2 protein chains.
Amino acid sequence: MTSPPKGKVSLQDVAKEAGVSVSTVSRALSFPDRISKKTREKVLRIAQELGYHPNIAARNLRLGHSRTILAVMPNHKGSIISTVAGEAIAGIQKYISTQGYALSVVTTDFTTATSNHALDLVFGRQVSGVILFAAQPPASDGRDMLDAGLPMVSLTEDLAHLGIRSVVSSDRQSMIEAVGRLADLGHERFAFISGPPNSYHSTQREAGVRSGLLQRFGTDAGLTKIVADFSVDTGVSAAHQYLALTDRPSAVISWADEVALGFQSTVMTAGLSIPRDLSLISFDGLHALRFLRPSISTYDQSPGRLGGFAAQLLVEEIETGTPPEARLIEIPAAFRPGDSLAPPR
Amino acid sequence: MTSPPKGKVSLQDVAKEAGVSVSTVSRALSFPDRISKKTREKVLRIAQELGYHPNIAARNLRLGHSRTILAVMPNHKGSIISTVAGEAIAGIQKYISTQGYALSVVTTDFTTATSNHALDLVFGRQVSGVILFAAQPPASDGRDMLDAGLPMVSLTEDLAHLGIRSVVSSDRQSMIEAVGRLADLGHERFAFISGPPNSYHSTQREAGVRSGLLQRFGTDAGLTKIVADFSVDTGVSAAHQYLALTDRPSAVISWADEVALGFQSTVMTAGLSIPRDLSLISFDGLHALRFLRPSISTYDQSPGRLGGFAAQLLVEEIETGTPPEARLIEIPAAFRPGDSLAPPR
DNA sequence: TTGTACGCGTTATCAG
DNA sequence: CTGATAACGCGTACAA
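If you're wondering where the values come from, they're calculated on a predicted model, not measured in any experiment.

Peer 1: In this structure, what is going on with the pattern of salt bridges? I would like to understand it.
Peer 2: If charged atoms from side chains of opposite charge come close, those side chains can pair. Scanning all chains against the criterion turns up 26 salt bridges over all chains. Arg210(A) is the salt-bridge partner of Asp220(A), the closest N and O atoms lying 3.3 Å from each other. Of the two residues, Asp220(A) sits in the loop between helix H8 (200-217) and strand E9 (224-227) while Arg210(A) sits in helix H8, which places them 10 residues apart along the sequence. Since its relative accessible area comes to 24%, Arg210(A) is described here as partly exposed. Between Lys225(B) and Glu206(B) there is a salt bridge whose closest N-O contact spans 3.0 Å. In this pair, Lys225(B) sits in strand E9 (residues 224-227) while Glu206(B) sits in helix H8 (residues 200-217), placing the two residues 19 residues apart along the sequence. A relative accessible area of 40% means that Lys225(B) is categorised as partly exposed. Exposure remark for Glu206(B): the relative accessible area of 12% places this residue in the buried category. Taken together, the shared-partner salt bridges in this structure form one network comprising Glu206(A), Arg210(A), Asp220(A) and Lys225(A).

Put into structure tokens, the structure is as follows:
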């Protein structure tokens, strides 16, 4: 019989067919140079013919590790993964596959059920490291992902205070620069549309805006703050709040692209013109923004690049066993100009 | 010692601590009712205290399967995962996690390197089933994912001719309906912006448009066809071709949202008004389209829903061991009206 | 250079 | 109801 028996052929099968021992086959595959050319070629040929593939579970069990990294992605309100999450996944995968690592993905809304799933994987020693794309490590029923003692790096969120190395985009610096750009155009009155109060990024970006204001004007007292959320819908309500203002700021900075989307759409429906009546800068680098009319200027944090970088850090830690010296790595976001910028009227 | 020794506690550790045998512990965990209440409670308590978690690799090895499903996602030109892929992943994950399955994700550009990665996973018996989000199963070096003999279902692409069950959106039916809507408004001259010639979806959607035309007008001869691609950029060039037409069709149907994005942006820049000068319908359900001005009418194929459905099919096949009776399952896409529709001038 | 033997942590079979 | 034991497939120390 030359055809693989039911698709399950083990080292032993190859050994039998080649008339050698299991360990010889194992070595022929793992250390080709520690074996005589003749038997090596024979073994390799037969393995090929029989369609041998190592059983990864057995290998993992023996080796005690899996060379698999787990990406924990958020799944707010049971709905969609954002496009930035998708890009981050692609960036992670791209890097780790060059290092012989595999990727598992779990989405969680941080309820007990979905958290447990992630925790099972981690405590089941099924993963070698974790990339956390979330505001905190999943925990439930008294177990916490932190306790698994696994290499872990946080992506886009600063979790350094938990001892987790974090790769984030340079929120503050970008916003300082954004204020500078608008000020250069002549703007003096600013509004900032924030996210929810507990959002790390929103906080950082607001701080950046205020820093920029201070640097430029010596005070941030004039800043109008409007609170929104993640969603496009809150961008709409932010627009209504903006429209209700008696003295509308000519420069608007939105903390996130989705929000800017709803904001722009709404103020334009109300009859305002961008950038004639107001200038708008946002943050995220959402692809679609480029094709709005007018297109919105944004800071592109290239999630794929961030993800790849985080993956690199993680793999290094796994391979070298370096202790997790927590620190924060800031990757600059790239300004992507749009048509939403002009001097004030 | 009450604290877990280095985070690696096995059945044996629990057994020793509880003064029972390994098999008793195993049963206490797997079949709580086949064991005396007293020892059960004791074992469970100690397992909890010690922080025991089953080693999944060992279990998989013993059981011969992994309850892990692999999602193969495309990664064209080394760039981003599309937003529809991200939503599909979320939909898959959401369903399978309720069934006790885990998700692995691999992105591939169908080069040898990345294909091999996917193939290793599959032939390494590390996965119980595959969801294919691609135009064909990965193959390289003479091995083909099909030969792994694994349950497999195709998502968004019709691979029934390869014996793979396929879950797709109802391209044809939606496009027939789209033509009907436009015709109801009074439109008589139509343009279709297609994707690349080898795209299954583009072909299907064009066929749908032609069917609709035939049903309504008895002929599809008047259809203007403009060839584009996946990208927004080709939507821009499609617009230029459209603008160059001497007698521009008043109804434009785009095969994909990204393309429609570029198209709309460009024709409006050229001074045309939508929907006054032309009506536009597209396909995909891209979230951002809702917030364009005007918003573009589109057919939403809800990738999350599709993904969940595909996952359900796959899990059923895995559990029941049903032979893969190949067939095509069409899920209707939902029409999402926008401001891009009006009677012709 | 090659073969033998053991153990990784589980689950399942079979006695008791 | 419980315990001893085998087996899943692999990698490796040790012996030949």
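Peer 1: When you look at the protein's contact with DNA strand C in this model, what are you seeing that I'm missing?
Peer 2: Taken together, 23 residues lie around DNA strand C, and Ser23(A), Thr24(A), Leu11(B), Tyr52(B) and Arg62(B) are the ones closest in. Restricting attention to atoms of DNA strand C within 4 Å of the protein, one finds that 62% of them are sugar or phosphate atoms. Separating a phosphate oxygen of DNA strand C from a side-chain N or O atom of Ser26(B) is a distance of 3.1 Å. A distance of 3.0 Å separates a phosphate oxygen of DNA strand C from a polar atom in the backbone of Asn55(B). Put simply, the parts of the chain that give the surface near DNA strand C at least two residues each are helix H2 (22-30) and helix H4 (56-63) of chain A together with helix H2 (22-30) and helix H4 (56-63) of chain B. Per element, the largest residue contribution to the surface near DNA strand C is four residues, and it comes from H4(B). Residues belonging to the surface near DNA strand C are distributed by class as follows: eight nonpolar, 10 polar and five charged.

Peer 1: Help me understand the protein's contact with DNA strand D in this model?
Peer 2: Lining the immediate surroundings of DNA strand D are 23 residues, of which Leu11(A), Tyr52(A), Arg62(A), Thr24(B) and Ile35(B) lie closest. Backbone sugar and phosphate groups make up 59% of those atoms of DNA strand D lying within 4 Å of the protein. One nitrogen or oxygen atom from the main chain of Ser21(B) is found 3.2 Å from a phosphate oxygen belonging to DNA strand D. Within the side chain of Arg27(B), an N or O atom sits 2.9 Å from a base nitrogen of DNA strand D. Of all the secondary-structure elements, those providing two or more residues to the surface near DNA strand D are H2 and H4 of chain A together with H2 and H4 of chain B. For the surface near DNA strand D, the element with the most residues is H4(A), which contributes four residues. Of the residues belonging to the surface near DNA strand D, the class tally is nine nonpolar, nine polar and five charged.

Peer 1: What's the story with the environment of Ala183(B) in this structure? I'm lost.
Peer 2: Residues and elements named next belong to chain B. In this structure, alanine 183 sits in helix H7 (residues 171-184). Remark: the alpha-carbon pair of alanine 183 and aspartate 247, spanning 64 residues in sequence, is separated by 18 Å. What alanine 183 contacts, discounting residues up to four positions off in sequence, is Phe190, Arg216 and Phe217.

Definitions and limits used
Counting from 1, residues in each chain are numbered in the order their sequence is written. Starting at A for chains and at 1 for ligands, labels are handed out in the order in which the entities are written. This being a predicted model, a pLDDT of at least 70 is required before a residue's local features are given, and a value of 80 or more before pairs of side-chain atoms are given or counted; all residues contribute to the totals for chains, interfaces and linings. Side-chain metrics rest on all non-hydrogen atoms present in the structure, leaving aside hydrogens and water. Put simply, a salt bridge is a Lys or Arg side-chain nitrogen that is within 4 Å of an Asp or Glu carboxyl oxygen. Per the convention used, a helix needs a DSSP run of H or I reaching at least four residues, while a strand needs a run of E reaching at least two, with both numbered from the N terminus. Buried means the residue's accessible area, taken with a 1.4 Å probe over protein chains only, is under 20% of the maximum for its type, while exposed means over 50%, and partly exposed covers the values in between. The criterion for a residue being near a molecule or strand is simple. One of its heavy atoms has to lie within 4 Å of it. Whenever a nitrogen or oxygen atom comes within 3.5 Å of another N or O atom, the pair is scored as a polar contact, on the condition that within protein one atom can donate a hydrogen and the other can accept it, and that pairs from neighbouring residues in sequence are kept only if both atoms are in side chains. Under the grouping applied here, Gly and all other residues not named as nonpolar or charged are polar, the nonpolar ones being Ala, Val, Leu, Ile, Met, Phe, Trp, Tyr, Cys and Pro and the charged ones Asp, Glu, Lys and Arg. Every residue pair with non-hydrogen atoms within 4.5 Å of one another is taken to be in contact.

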